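# Inside the fold
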Amino acid sequence: MSPHPETWLRVEPKGLFVVPGGFHIDPASKADRAVVTHGHADHARPGNRAVMATPETLEVMRVRYGKRAAGSFEPAAYGEKRRIGDVDVTLMPAGHVLGSAQVVLEHRGSRVVVSGDYKRGADPTCAPFEPVTCDVFVTEATFGLPVFRHTDVAREIGRLLHSVSLFPERCHLIGAYSLGKSQRMIALLRQAGWDRPIYVHASLEPLCRLYAAFGVALGDVRPIEGQAKAGLAGEILIAPPTTGSDPWTRGLPEPVIVGASGWMRVRARARQRGVELPLVISDHADWDELLGTISEVGAPEVWVTHGREDALIRAVTLGGRRARALALLGRGGEDGEEGGGV
Amino acid sequence: MKAFSALIDALTFAPSDAVKLRHLVDYFARSADPDRGLGLALLTGAMTLPSLKPALLRSLAAERFDSALFESALDYAGDFGETVALSWPDGADRQGLTLSQVAGQWSKAGKAELPGLLAGWLDAAPLDERCGLLRLLTGKLRLGVSPALARRALAGLGDRPVREIEAVWPAMLPPYESLLAWLEGRAARPEFDRNITFYPVIPNRVIMSNDLEDFDSYQFSAFFSLGGARVQLSAQAGGFRLITEEGDEIGAAFPEIMNELPVDGVFEGELLVLRNGGVPDAGGLQRRLAAKRVSARMLGGHPVTIRLLDMLADGVRDIRALPFPDRRALLEARLRMAPSGRADLPPMVEFSSWSELDAVRRSAAGPGVSGLVLRRHADHMGEGWLTWMREPHRVSCIVMYAQCGTAERATYFTHATVGVWQADGEGGRHLVPVGKAEAGDGPEERDRFDRFVRDNTLNRFGPVREVAPQLLVELAFDRALPSSRRKAGLTLQAPRIKKVCWDRPPAGADTLDELYHLAGLPLPI
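Remember, predicted model here, so these are calculated numbers, not experimental data.

Across its full length, chain B holds 19 helices and 19 strands. Taking the principal axes of the C-alpha coordinates as reference, chain B spans close to 75 × 65 × 45 Å. In chain B, 67% of the contacts between residues at least 6 apart in sequence involve partners at least 24 apart. Surface summary for chain B: the accessible area is close to 24,500 Å², and the carbon and sulfur share equals 52%.

This paragraph deals with the interface of chain A and chain B. Contacts between chain A and chain B engage 37 residues on the former and 33 residues on the latter. In total, about 3,000 Å² of surface goes out of reach between chain A and chain B, with carbon and sulfur atoms giving 59% of it. For the chain A face of the interface with chain B, the top three residues by lost area are R149, R250 and R267 of chain A, together amounting to 24%. On the surface where chain A and chain B come into contact, there are 6 salt bridges. Where R149 of chain A meets D90 of chain B, a salt bridge forms, and the shortest distance between an N and an O atom there is 3.6 Å.

For chain B, the average pLDDT comes to 88, and 97% of its residues sit at 70 or higher. Among the prediction metrics, the complex's ipTM stands at 0.91, with pTM recorded as 0.79.

A few words now on the side chain of T417 of chain B. Residues and elements named next belong to chain B. Structurally, T417 can be placed in strand β12 (residues 415–423). The buried category is assigned to T417, whose relative accessible area is 14%. Apart from the residues lying within four places of it in its own chain, the contact partners of T417 are I398, V399, M400, Y401, P433, G435 and K436.

As for its position among the elements, H302 of chain B is in the loop between α15 (296–301) and β6 (305–314). Setting aside residues up to four positions removed in sequence, H302 of chain B forms contacts with E256, V273, R275, D281, G284, R287 and R288 of chain B.

Let us look at the sheet that holds strand β12 (residues 172–175) of chain A. Residue and element names in this part refer to chain A. Read across the sheet, 6 strands follow the order β14-β13-β15-β12-β16-β17 without closing on themselves; strand pairing throughout is parallel. In this open sheet, the two edge strands, each paired with only one partner strand, are β14 (221–223) and β17 (277–279). Averaged over all adjacent pairs, the angle separating strand axes in this sheet is 30 degrees, with direction ignored. Note: β12 against strand β15 (residues 236–239), 4 bridges, orientation parallel. Looking across to β15, one finds that G175 is bridged to A239. The strands that helix α3 (residues 153–166) touches are β12, β15, β16 (256–260) and β17; relative to β17, the one it contacts most, it runs at about 160 degrees.

Here R308 of chain A lies in the loop between β18 (301–307) and α8 (309–318). Sequence separation between R308 of chain A and A76 of chain A is 232 residues, and the spatial gap between their C-alpha atoms is 31 Å.

We now examine the sheet that holds strand β1 (residues 204–207) of chain B. Residues and elements named next belong to chain B. Taken in spatial order, the 4 strands of this open sheet run β1-β10-β9-β2, and their pairing is mixed. Two strands bound the open sheet, and with one partner strand each, they are β1 and β2 (220–225). Going from strand to strand, the sheet's axes swing by 30 degrees on average, the running direction of each strand aside. In this sheet, strand β10 (residues 385–389) lies alongside β1 in parallel orientation, the contact comprising 4 bridges. Following the sheet pairing, N204 is matched in β10 by W385. Across the sheet, helix α17 (residues 354–362) lies against β2, β9 (371–376) and β10, angled at about 55 degrees from β10, the strand it touches most.

Reading the values: rules and limits
- Residues numbered from 1 in each chain as written.
- Chains lettered and ligands numbered in written order.
- Predicted model: local features only at pLDDT ≥ 70, side-chain atom pairs only at ≥ 80, totals over all residues.
- Heavy atoms only, no water.
- Helix = DSSP H or I, 4+ residues; strand = E, 2+ residues; numbered from the N terminus.
- Contact = heavy atoms within 4.5 Å.
- Areas by Shrake-Rupley, 256 points an atom, 1.4 Å probe, with all protein chains shown as cover.
- Buried area = accessible area lost by both parts, 1.4 Å probe.
- Salt bridge = Lys/Arg side-chain N within 4 Å of Asp/Glu carboxyl O.
- pLDDT = per-residue confidence, 0-100.
- Buried < 20%, exposed > 50% of the residue type's maximum accessible area, 1.4 Å probe, protein only.
- Pairing = 2+ DSSP bridges.
- Axes fitted to C-alpha atoms, helices over the stretch in contact; angles between N-to-C directions.

Here it is as structure tokens:
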């Protein structure tokens, strides 16, 4: 009889601990061994002794943390099975950002898949989510409410380009975090035919270069710094999220503040963010996609973490599967407030 | 309804009228007749639909959704209609809805048919249209599109002056097909009844003392103004219209004026809410102007009167060619014949020279007087009303809070809340806010003020910063009117910062009692 995963997975203050392997997954603070799902700051912390992750994730950590990123790195490509202690570990694509992975754990005949952050929507910058059957599926629930419906990303890009043509005397300033969303926005714009240079804030440049080094075509990407700001009318700019009252935006020609995130779906929240053009473009699964993925993976038991557990647990239970919350602390740093995720 | 839903989203987040205009003109281009005219009418309030009762929406939600899931969703989103629209199951190949279909069927449906009708629409519509549909039916369309803004958008569409739109507007009905066809160059100008003489609203211009140098004082009449809302009242051939300076029709919100004024003709005047002692209540008037429909309670609590300044038509006789004193005499005669508790005539101010009138202006009696209004006797050039504001009062205040300004000042903390000292009854004193105004004339002072705020922040409340009470400013204002809603007990009209006094100590600021005295208001008990 295979041991039930609840006997060999433990929730600790640092995060999820895999007992027979002696490692944490995405530990919130320094750990001995860590398997890291992706490079976002609330999942990939510096200072672990040994880190296993996809080559892309490790490179992101090196770019962000430099020498103190980790004691030692162990790259694992998608699909390569590794043994850590008494556990077989395989990283599979999660479709969240470049290098993002689900962690497949196998121990004495029972299999658990930890999804990390994931999405099912189209993204030219990273490998798409691959469902893996298992006994327990540990899923994120950032957008775990029936009101979160992301819909078609190409249409949202169309709305952005329409706004650019409607206001040629203004610039459009997209607020996006430096890992994942900004590169996806650039790639989606290129796909939609936007050939002009895209201007990025200095904090975005290192990761844009990283994406390009891994073969993601971003086209002509230039720094905002050094440009005559008044000359940026009609252009698209990307920078860390701002409400337009940051001093560095002074001199920009009447910027249209664009918010690109799943939170833009709900009007009250979009207004809170002070955006003029809310676009619903997210790097997480929406409500339908969470339920659809859980169904596709087909695990008889689902553990819900990292977001709004209650509603998702209820919906999964109504659908005839076992579900419970896995309380994990400390998420929600980089990707914005309200439990993380953009 | 795709374009309409997109438009109401864009208008929700539009930061200015200029941006709204751009979206409206774009909407006309992206949408077809009759939907686009209907959309415009729904936004301006020219057309309204019977509102969707909350109970109906609640029972629909209870039928379709698991209640616990719906509660969690509603908790987050906050808006019932939006939660229903977003949570509604999606399907492939939704053909969508049209505004004419929705507007037509909703108005005609019987009470029992409504739930099925709504559910059918929600099933047929993609997500964005569902959201637009529920906003429309729940009446959440106050997006700042006044009839005046709509006419500016139409003028933009046809690249014509707004005056031309205003001239035909009274005869135009939703969905405005003939109007839109003319503006797009597909048809001739719509016909309107040429027997109805069009009386453009007399423009109003604010003048400064030196503007009068070129005028002869004996060619003008003058009255005191109480700063009411300037309107034109048109009572002709059984029809009443009350129109603002911008050309908006507001008669529906002022039944007491429309119903109780027996005289026929076209008049110009100012609307006022007057309290005891003839003191105008500016806040009360604002509330009346903002309400599209008025309740009995509002009528009782904020009664409106009209102070008539001029008569342009006596019955159907156009008297604009007569010199002003003759028109005034006719107006006086008419009101003597049919006096009304709702209308009065201000007395004319006697003067024989500008300097004499200036002396009157400076010593203007009464706290409610906002200034003088001048009218040229023979106004062939269409100059209109000339408003000569009274000298502003000045008070020394302390900067209490600051937040960022708008547009090019969006990154500078120059929008200041200022206050004066108030004794707290125990020998000490604290600051009480009296108004908000923009500080920093010119880029150097703007930078200096912004730096001061950033360097002296005591506390942050969202975008507002509490500032150490060390900076004195000279605040000018036109009038101070009593207000029960303000901590200070009064509200200042048109406050503006004349000077930032970098070197004066904060103890030099005025007290609230001194402000009351300056404004000519009795001290509160």
